[in-house]
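Analysis of the macromolecular model
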Amino acid sequence: MYMLKFKVIKVAVIAAVITATFSTFGANLPKRIFVTNEKDNSVSVIDGKTNVVIATIAIGNRPRGIGIAPDLSEVYVAISEDNAIAVFDPNTYEVLRKFDGGHDPEAFAVHPNGNIYISNEDDAKATVLNPENGSKVDEIKVGMEPEGVAVSADGTRVIVTSESTNMLHVIAVPEHKIINNILVGARPRAATFNRAGTIAYATSEISGEVKKVDLSSGTITGRMPLADDRAKPKDVLLNVDESKLFVAGGRANCIFVLDAHTLEIQQSIPVGKRVWGLALSRDGSRLYTTDGASHQVSVIDTALSDVIATVPVGKFPWGLVLYE
Amino acid sequence: MVDALIKLRLGVHCGCVLVLVLASSKLSGQEINILYIGNTDVPVYFGARQGLLEANAQGEFMGVVYRLIAITDIGGVSVTPVAIIAAVDAARLEQIIEVYPHVPILNTILKDTKLRENCEDALFHIPPSTAMLEDAERQWRQHAPKSKARANTWHRTFRKYAAAQLNIRFMEQSGFEMDNDAWAGWAAMKLLADTIVRRPDLQGFGLVEELKTNLAFDGQKGMDMSFRETGQLRQPLLLIEQDKIVGEAPVRGVVNSEDLDSLGLAFCAK
């Protein structure tokens, strides 16, 4: 019994040392972080080791959604006022090409097969684009004002949120057929899958809440209103072991940390103003946030649950991706 | 989407009543009948039709079909509506309440504060009351004493909170710009559908109660709206000067900008 207990402690100590080593020396930190600056028409490039902006890319008008190719060869940016997707090289920062992104492109996700799934807010559609040549692979009719797009890890499911129809549309891939429509709170904005693709979480802007959805039955199994009335949550994602959910709190100016199982709010981590975008490093040690109205990116050490750096970027940072 | 437009002519007491039945082309699933009472050549009706299109876009995914039955006066309608959108004067509104005492009625044009003070059980008011408009203007003057801005429900140039998308959709469908009345008609239909789609089993006071307690609707104005016990829809307002949006009420810095009850009468007299 004592031996067992001692062993457990020993393992815990070793684990803590390893975690501390990684978080201190950043062995697995992203090489670069790319941030779209909505009102500066640019992408800021942050060095993942030093948390300093090392380059700024002139990308096009009103850049918002950003995504990276599965092989990390290219980064895609929705340049809303140019009605286009811009493609740049994550190593040289050279803008390689631009292609038609539909009217006012905003949020999209990159599928493991390389295709882009983008919501077309004015047309009540989701469009599948091949970023090699910008050709349209398919179109899926969804609810009004579609916004957030999420792709499951195995690529067999895509969720599109429709803000005015208050719904999550679960789309089967490659059939591109809607297999479930799930009513959630007012103005759903973003969604994420668990790794197994069995559960989805979604934020609703106006009802200021997070919903948990069982995807096999299409039923809502949990709901958590965020404590702050100003919370107009946007991005949502799970930590690496899927025990916690991070929610960008919008005007609540914090990241809510929820128990992924019960949705109980465990913590709120203060960041800058109007936080929307989230990205987690592959090892789970760093969470990056776009604090739009503070014109900065916050870097959170997830072990400490605290901001360890703030990086001034361009005006109104919107979204971000990691190159790692 | 192509609407099925069926014109029926029914001879009833007030002479000629035109009944327009508008529904989605797809007529499967549960049918929900909403009655519109009022003129059909006015912005409020075009707004309600826009709301109907959007309700059916949502209903299509959930197996619910909405029909908007338009009549210019009470009578001659054989279906019992789930709810009524009223664009009539106060006297006619009284008659509607008498004929349909158990059906939620949504007033879309009358602004009289007195109507709100009556606190009718099943009567809802979409446009802001005169008292709300006055409070919004009073707050604004404290912020900008020389401004002559007037409070409004909506504006054709409003862009935030996906208002731009609604303005575009309405213009494309109706051929003219969305105004205060058109917004009220749209909001009435849309908030009914947003509530009914979650609980299609509800009718009568069940639906009245659901509207009062479980509304999930922002009206493309960026705030969680709900009904006061007076039946008034809580909502932010726009301050317009020389045809431009100069501010929003509740006015930040003068009152708590989240406090929608800083506008107008918040409670019924006990």
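The present account deals with the structure reproduced in this document. Since the structure is predicted, the reported quantities are computational estimates derived from the model, not experimental observations. (Residues numbered from 1 in each chain as written. Chains lettered and ligands numbered in written order. Predicted model: local features only at pLDDT ≥ 70, side-chain atom pairs only at ≥ 80, totals over all residues. Heavy atoms only, no water.)

**Overview of the sheet that holds strand S13 (residues 157-162) of chain A**
- The four strands are arranged S12-S13-S14-S15 (chain A) in an open sheet whose pairing can be described as antiparallel. Since the sheet does not close on itself, it has two edges, and those belong to strand S12 (146-151) and strand S15 (177-183) of chain A, each with one partner. Put simply, the sheet's adjacent strands are angled 20° from each other on average, direction ignored.
- Relative to S15 of chain A, strand S14 (residues 167-172) of chain A is paired through six bridges, and the arrangement is antiparallel. The residue bridging Ala172 of chain A from the neighbouring strand is Lys177 of chain A, located in S15 of chain A.
- Lying over the sheet, helix H1 (residues 43-62) of chain B contacts S14 and S15 of chain A, oriented at roughly 110° with respect to S15 of chain A. (Pairing = 2+ DSSP bridges. Helix = DSSP H or I, 4+ residues; strand = E, 2+ residues; numbered from the N terminus. Axes fitted to C-alpha atoms, helices over the stretch in contact; angles between N-to-C directions. Contact = heavy atoms within 4.5 Å.)

**Some points on the interface of chain A and chain B**
- If you look at the interface, chain A gives 25 residues, while chain B gives 23 residues.
- The contact between chain A and chain B buries some 1,900 Å² in all, and 53% of this surface belongs to carbon and sulfur atoms.
- Among the residues of chain A in contact with chain B, Met144, Leu183 and Ile206 of chain A are the three that bury the most area, contributing 27% of the side total.
- Asp218 of chain B is the salt-bridge partner of Arg187 of chain A, the closest N and O atoms lying 3.7 Å from each other.
- At the boundary of chain A and chain B, one finds eleven residue pairs in polar contact (both at pLDDT 80 or more).
- Put simply, the parts of the chain that give the side of chain A that touches chain B at least two residues each are S14 and S15 of chain A.
- Per-element accounting of the side of chain A that touches chain B gives the leading share, three residues, to S15 of chain A.
- When the residues that make up the side of chain A that touches chain B are grouped by side-chain class, the tally is eight nonpolar, eight polar and nine charged. (Buried area = accessible area lost by both parts, 1.4 Å probe. Salt bridge = Lys/Arg side-chain N within 4 Å of Asp/Glu carboxyl O. Polar contact = N/O pair within 3.5 Å; in protein donor to acceptor, adjacent residues only side chain to side chain. Nonpolar A, V, L, I, M, F, W, Y, C, P; charged D, E, K, R; others polar.)

**Some words on the packing of aromatic side chains**
- With the rule as written, the count across this model stands at 13 aromatic pairs over all chains.
- With a centroid separation of 6.4 Å and 20° between ring planes, the pair formed by Trp154 of chain B and Trp183 of chain B is classed as stacked. One end of the pair, Trp154 of chain B, is in the loop between strand S8 (150-152) and helix H5 (163-174); the other, Trp183 of chain B, is in helix H6 (residues 180-196), with 29 residues separating them in the sequence. For the pair formed by Trp154 of chain B and Trp183 of chain B, the shared burial category is buried.
- One aromatic cluster is present, built from ring pairs that chain together Trp154, Phe158, Tyr161, Trp183, Trp186 and Phe217 of chain B.
- Over the aromatic face of Trp276 of chain A sits the side chain of Arg274 of chain A, whose NZ or CZ is 3.6 Å from the ring centroid.
- Sitting above the plane of the Trp183 of chain B ring, Lys221 of chain B keeps its charged end 4.5 Å from the centroid. (Phe/Tyr/Trp six-rings, centres within 6.5 Å; stacked < 30°, edge-to-face > 60°. Buried < 20%, exposed > 50% of the residue type's maximum accessible area, 1.4 Å probe, protein only. Lys NZ or Arg CZ within 6 Å of the ring centre and 35° of its normal.)

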